[in-house]
Amino acid sequence: MVERRRTVRGLTEAVARRWPERWPLQPLPREDWARQRPTVGQADVAVIDAAVKHALARPSGNWFVVADSRHVRPDRPYGVTVAGRELVAWRDADGRVVVGSGVCPHLGAPLAEGRVVDHRLVCRWHGLAVPASGLPGWGWCPLPSHDDGVLVWARLDDVDGEPPTPRPVVPDRPDLDTALAAVTRVDGVCEPVDVVANRLDPWHGSWFHPYSFARLRVLEAPAVDTTNGQDRFVVAVTFRVGPRFGVPVVAEFTCPEPRTVCMRIVSGEGEGSVVETHATPLGAGPDGRHRSAVIEAVVATSPRTGFLLARRVAPAVRPVVRAAARRLWRDDLAYAERRYALRRRD
Ligand code: FES
Ligand SMILES: [Fe+2]
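Residues numbered from 1 in each chain as written. Chains lettered and ligands numbered in written order. Predicted model: local features only at pLDDT ≥ 70, side-chain atom pairs only at ≥ 80, totals over all residues.

Participant: Quick one: what's the story with the sheet that holds strand β4 (residues 85-91), residue by residue and with numbers?
Facilitator: One open sheet accounts for 3 strands, arranged β3-β4-β5; its pairing is antiparallel. Looking at which strands have only one partner, the edges of the open sheet turn out to be β3 (78-82) and β5 (97-101). The mean angle between the axes of side-by-side strands here comes to 30°, regardless of whether they run parallel or antiparallel. Two strands pair when backbone bridges link them, and β3 and β4 are joined in this way by 5 bridges, in the antiparallel orientation. Across the sheet, Tyr-78 pairs through a bridge with Ala-89, a residue of β4. (Pairing = 2+ DSSP bridges. Helix = DSSP H or I, 4+ residues; strand = E, 2+ residues; numbered from the N terminus. Axes fitted to C-alpha atoms, helices over the stretch in contact; angles between N-to-C directions.)

Participant: Please give an account of the pairing of strand β14 (residues 245-257) that cites residues and values.
Facilitator: Bridge analysis of strand β13 (residues 233-240) against β14 gives 8 bridges, and the strand direction is antiparallel. By the bridge assignment for β14, Thr-238 is matched with Pro-248. Between β13 and β14, which pair antiparallel and follow one another directly, the connecting turn spans 4 residues, one of which, Gly-242, has a positive phi of 85°. Here β14 runs beside strand β15 (residues 260-268); their pairing, made up of 7 bridges, is antiparallel. What sits directly across from Ala-251, in β15, is Ile-265. Here β14 folds back onto β15, and the loop between the two strands holds 2 residues.

Participant: How would you explain the nonpolar core if you had to name every residue and give the values?
Facilitator: One finds Val-66, Ala-89, Val-196, Leu-200 and Val-298 to be the most contacted residues of the largest nonpolar core, which totals 75 residues. There are two domains that each give this core at least three residues, and those are domain 1 (24-58 + 171-345) and domain 2 (63-160). (Core = buried A, V, L, I, M, F, W, Y, C linked by C-beta atoms within 7 Å. Buried ≥ 20, exposed ≤ 12 C-beta atoms within 10 Å, placed from the backbone. Domains from an automatic or database assignment.)

Participant: Got a sec to walk through helix α2 (residues 45-57)? Specific residues and values, please.
Facilitator: With 13 residues, α2 ought to run about 18 Å at 1.5 Å a step, and its terminal C-alpha atoms sit 18 Å apart, in line with that. Among all positions in α2, only Val-47, Ile-48, Ala-51, Val-52 and Ala-55 are buried. Each buried residue of α2 lies within a common arc of 135° when the element is viewed along its axis, so the set occupies one face. Among the exposed residues of α2, those oriented more than 90 degrees off its buried face are Val-45, Ala-46, Lys-53 and Ala-57. Contacts from the buried residues of α2 go to α4 (192-199) and β14. (Expected span 1.5 Å × (residues − 1). Arc of directions from axis to C-beta. Contact = placed C-beta atoms within 7 Å.)

Participant: Let's hear about the sheet that holds strand β7 (residues 120-122): which residues, and what values?
Facilitator: Either a parallel or an antiparallel arrangement is found when strands of a sheet pair, and the pairing is made through backbone hydrogen bonds. Spatially, 3 strands are ordered β6-β7-β8 in an open sheet, and the strand pairing comes out antiparallel. The sheet is open, and its two edges are formed by β6 (115-117) and β8 (129-130), each paired on a single side. As paired elements, β6 and β7 share 3 bridges and run antiparallel to each other. Opposite Arg-115, over in β7, you have Val-122 as the bridge partner.

Participant: Give me the lowdown on the packing of α4 against helix α7 (residues 314-345), citing residues and values where you can.
Facilitator: Interaxial distance between α4 and α7 falls to 9 Å at its minimum, and their mutual angle equals 125°. Put simply, α4 runs oblique to α7. When you trace α4 past α7, the crossing you get is right-handed. Along the contact surface, α4 presents Asp-194, Val-195, Ala-197 and Asn-198, while α7 presents Asp-332, Tyr-335, Ala-336, Arg-339 and Tyr-340. Taken together, the residues of the contact of α4 with α7 sort by class into 5 nonpolar, 1 polar and 3 charged. (Parallel < 35°, antiparallel > 145°, perpendicular 65-115°, else oblique. Left-handed = near helix turned anticlockwise from the far one by under 90°. Nonpolar A, V, L, I, M, F, W, Y, C, P; charged D, E, K, R; others polar.)

Written as structure tokens, this is what we have:
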């Protein structure tokens, strides 16, 4: 039995040695989780804190990601709460997004429970019809909003109080006509800064998510006192595809604005693909603690035939992408929530 196991192992190792390096899928050596190289020595708290500080210092223009573009429709309202403000969104006759207060200006009914009829949002309680242009006489005016093709943003000037900008800072993305986009949302008990801080600690990858990442090395980290905006992390990592195979890539992490962390694959399979993590404050829960939404957009691209096929069956592929993102975020939210809970204890 022992002899047979040795033979199998020898064969596996021989195959791994001869495996062509240019193939995207590479064999992974069997590795004991506890025996991988600890990253605690490199995961410098001062570097992570400085990267978070730099992210927070970037201008937001008061824009917040509020929804997956595909959830805002012309035939029904979509309700969302951002920083304690109840909002409602739908699309007008030209397909443009309309976002405004979700509280009916008559007696306060939730407009998200209304119906869109002839492109006007009709309140369920007494039938007030709100057109896309708003009802200034009732004090209901649409908020500045932006649909970037993947996500819908709203500008809430009274929340951030920064100089407003006409458009949000949307990360550079692959051409949406040839990419596959999927959006996932998970909510947690924390503030947006905790979500950003989790993403700006790349060293936890293969320790905390051994089911997804292997052989993670941080190749570049920003200096603590960087002032030139070059605060990016560059990470070499292998995305696991099963226990013994993975896809090695090099990825960079940057913060284009204070609530967004963008991971871009800079070399390897899917080069140019991005994973945008947007943290949106929801407001306080009944227990007084903050709630935040993590709205993550995967915009993937690849010249491979298999990918073109995957694009064609995007409705079937999106749930798979979302399931993978949710699994990671189950752990990452635990990290963010833990960070928040410890801060509240101080
Ligand atoms: S509460 Fe909306 S119409 Fe009366
Ligand atoms: Fe993580």
